[in-house]
Amino acid sequence: MQQCQGYIEENKDRFLEELKELLRIPSVSADPSKKQAMIQAADFIRQQLEKAGADGAKLCEIDGHPIVYAEKIIDPALPTVLVYGHYDVQPPDPLDLWDSPPFEPVIKDNKIYARGACDDKGQMYMHVKAFEAMMKTESLACNVKFMIEGEEEVGSEGLGPFLEDNKEMLAADVVLVSDTSIIANDIPSITSGLRGIAYLQVELTGPNKDLHSGTFGGAVANPINVLCKMIASLTDENNHITIPQFYEDVLELSAEERKAMNQAPFDLEAYKEMLGIEDVYGEAGYNTVERASIRPTLDCNGIWGGYTGEGAKTVLPSKAYAKISMRLVPNQDPHKIAGLFQKYFEDICPKGVKVSVNPFHGGQPYVTPTDDKGYQAAKAAMEKSFGKVPLPAKAGGSIPIVALFEQTLGLKTILMGFGLNTDQIHSPNEHYGLFNFYKGIETIPYFYEEFAKLHA
Ligand code: BES
Ligand code: MN
Ligand code: MN
């Protein structure tokens, strides 16, 4: 193990150069014009895995961007770790808010800045390099399989069927993922839960054409006005969601559980300062950490219609649109919630406009059992590398495929992420700390070592 850590130390500059190369590839899964870049990024990872000593490294064609698969089976008697990550990234927009171009990585203040630096290229690549270090120093303690996808940021729709079709190839003892955060660089944590998601787009149609807002305004429903009222009515004065039966399946945490999760340090003043807000906002009866992890939410992600160009144009638009997401907690089901939303949104739509609701994608919430061997291995590994026992912490984000690992492959997922909530993922100036990148590479071999030990 010492040799492995020595190898990492000796090669750290090259690891970073390679990550930069990967970050230069604009693999935006949502953008149809980036199909070539997607293949390029996938192939870069495939090649790196092969060079590191993996067998059968290949791109698997699915309905969507390809999946990178590779494996190293050193001894069938040893446990197998299935590493999951994603090489696709979110669109970099709005471009003018970036201090440097999103696909030209730069290092500033010991952080690497680029789209995907943290989510998830930087975190996923830690696994590729830790694998290389273990292979080159003959210290790989478990069998390993890599499954790196290119559709996470658009809902991982093609991955479900891929799991169904490849159960044998993907057979393993645990799934290991680095695509979440720690509380702080000196407060390590392991993500103990993810929220689910239901994402929909709504379209309102008023008159059959755009109209003069003087000639017709006041006499004909304006779909933008109506849409704003409808969205506003989805939450009440306590910021509770008003959709009937929305909370029906929500698992309330016990007083002890809430107390335990609130033991983790949280600095509200620093939080407000980071976001440039005077006060926080959210559901009555819950604090900020709870609102962003154990409670369901409803957010409008985008809204448009009418005239949005320079200057003023007097128009009563024919159409208005919005994209709406709901974050879900155990035991809410995204299909059921999407159905409840659709019914309610149709019910509250006044005559004079037509509404159409289109679900985009969904994902189930997930809870990591902290008594699982995988969790214990991650805890021991992080304790070794950070010199501190990591705390369990629930995340507000979603990784839709994680619940399917359990349903389809019967595998628990260990969310051993190394990002920070301040890394600006999905935002302009996304970055990843070099400390975090290297700490991840250092920790991963310990995970394999500990996981093998617990299985012996
Ligand atoms: N890595 C994130 C999820 C995440 C971030 C979890 C931080 C915990 C902490 C992932 O790439 C992501 O952005 N997921 C999407 C899923 C959606 C597109 C279905 C999300 O949460 O919005
Ligand atoms: Mn991610
Ligand atoms: Mn993401």
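Here, the structure is the one placed above.
Residues numbered from 1 in each chain as written. Chains lettered and ligands numbered in written order. Predicted model: local features only at pLDDT ≥ 70, side-chain atom pairs only at ≥ 80, totals over all residues. Heavy atoms only, no water.

### A look at the packing of aromatic side chains
Here's step 1: Going through the model one piece at a time under the given rule, you end up with 13 aromatic pairs.
Here's step 2: Between phenylalanine 246 and tyrosine 247, the aromatic rings sit 5.2 Å apart at their centres with planes inclined by 80 degrees, giving edge-to-face as the arrangement.
Here's step 3: Residue class for tyrosine 247 comes out partly exposed when judged on its relative accessible area of 23%.
Here's step 4: Residue placement shows lysine 12 over the ring face of tyrosine 438; its charged tip is 4.6 Å from the ring centre.
Here's step 5: Between the NZ or CZ atom of lysine 439 and the centre of the ring of phenylalanine 386, over which it lies, the distance is 5.5 Å. (Phe/Tyr/Trp six-rings, centres within 6.5 Å; stacked < 30°, edge-to-face > 60°. Buried < 20%, exposed > 50% of the residue type's maximum accessible area, 1.4 Å probe, protein only. Lys NZ or Arg CZ within 6 Å of the ring centre and 35° of its normal.)

### Considering the coordination of the manganese ion (ligand 2)
Metal coordination angles have textbook ideals: 109.5 degrees for a tetrahedral set of four donors and 90 or 180 degrees for an octahedral set of six.
Here's step 1: Coordination of the manganese ion (ligand 2) by the protein involves His86 (NE2), Asp119 (OD), Asp179 (OD) and Asp179 (OD), with metal-donor separations of 2.0 to 2.4 Å.
Here's step 2: Each of the six donor atoms around the manganese ion (ligand 2) contributes to a set of angles spanning 57 to 165 degrees, which defines the coordination as irregular.
Here's step 3: Ordering the donors of the manganese ion (ligand 2) by residue number gives the pattern H-x32-D-x59-D.
Here's step 4: A separation of 3.6 Å is found between the manganese ion (ligand 2) and the manganese ion (ligand 3), which share aspartate 119 as a coordinating residue. Of the two residues, aspartate 119 sits in the loop between strand E5 (111-113) and helix H3 (121-136) while aspartate 179 sits in the loop between strand E7 (174-177) and strand E8 (189-194), which places them 60 residues apart along the sequence. With respect to burial, aspartate 119 and aspartate 179 carry one shared label: buried. (Donors = N, O, S within 2.8 Å, 3.2 Å for Na, K, Ca; no water. Tetrahedral: all angles 85-135°; square planar, octahedral: opposite > 155°, others 65-115°. Helix = DSSP H or I, 4+ residues; strand = E, 2+ residues; numbered from the N terminus.)

### Focus: unusual backbone geometry
Excluding glycine, a negative phi dihedral is what most residues carry, and trans is how most peptide bonds are arranged.
Here's step 1: Here the amide bond leading from aspartate 93 into proline 94 is cis, since omega sits at -5 degrees, within 30 degrees of zero.
Here's step 2: As for its position among the elements, proline 94 is in the loop between strand E3 (80-86) and strand E4 (106-108).
Here's step 3: Note that the residue after proline 330, namely asparagine 331, is joined by a cis bond; omega there is 0 degrees.
Here's step 4: Tracing the sequence through the fold places asparagine 331 in the loop between strand E13 (319-328) and helix H9 (334-347).
Here's step 5: Even without being a glycine, glutamate 138 presents a positive backbone phi close to 50 degrees.

### Quick look at the site of ligand 1
Here's step 1: For ligand 1, the set of nearby residues contains 16 residues, the closest of which are Glu152, Asp179, Arg327, Ser398 and His426.
Here's step 2: Within the contact set of ligand 1, an oxygen atom lies 2.7 Å away from a side-chain nitrogen or oxygen of glutamate 152.
Here's step 3: Protein contact buries 90% of the 520 Å² of open area that ligand 1 shows by itself.
Here's step 4: Class assignment of the residues belonging to the shell around ligand 1 gives a composition of five nonpolar, six polar and five charged. (Near = heavy atom within 4 Å. Polar contact = N/O pair within 3.5 Å; in protein donor to acceptor, adjacent residues only side chain to side chain. Areas by Shrake-Rupley, 256 points an atom, 1.4 Å probe, with all protein chains shown as cover. Nonpolar A, V, L, I, M, F, W, Y, C, P; charged D, E, K, R; others polar.)

### Focus: the sheet that holds E13
Here's step 1: Reading across from one edge, E11-E13-E9-E14 is the order of the four strands in this open sheet, with antiparallel pairing throughout. Looking along the sheet, the strands with just one partner apiece sit at the ends: strand E11 (297-305) and strand E14 (354-363). On average, adjacent strands in this sheet sit at an angle of 15 degrees to one another, irrespective of strand direction.
Here's step 2: Where E11 lies against E13, eight bridges are found, and the strand directions are antiparallel. When the bridges of E13 are listed, threonine 297 appears paired with arginine 327.
Here's step 3: Docked against the sheet, H9 engages strand E9 (196-205), E11, E13 and E14, running at close to 25 degrees with respect to E9. (Pairing = 2+ DSSP bridges. Axes fitted to C-alpha atoms, helices over the stretch in contact; angles between N-to-C directions. Contact = heavy atoms within 4.5 Å.)

### Comments concerning the sheet that holds E4
Here's step 1: The three strands lie next to each other as E4-E5-E18, forming an open sheet whose pairing is antiparallel. Two strands bound the open sheet, and with one partner strand each, they are E4 and strand E18 (431-433). Averaged over all neighbouring strand pairs, the angle between strand axes comes to 30 degrees, with direction disregarded.
Here's step 2: Both E4 and E5 contribute to a ladder of three bridges, which runs antiparallel. Looking at E5, one finds that valine 106 is bridged to tyrosine 113.
Here's step 3: Of the strands in this sheet, E4, E5 and E18 are in contact with helix H12 (residues 434-455), which crosses E18 at around 60 degrees.

### Here we look at the pairing of E8
Here's step 1: Burial analysis of E8 places six of its six residues in the buried class, the great majority of the element.
Here's step 2: Of the pairings in the sheet, the one linking E8 to strand E15 (residues 366-367) comprises two bridges and is antiparallel in character. Across the sheet, the residue bridging to glycine 193 is valine 367, located in E15.

Such coordinate-based values are descriptive only and should not be taken to indicate function.
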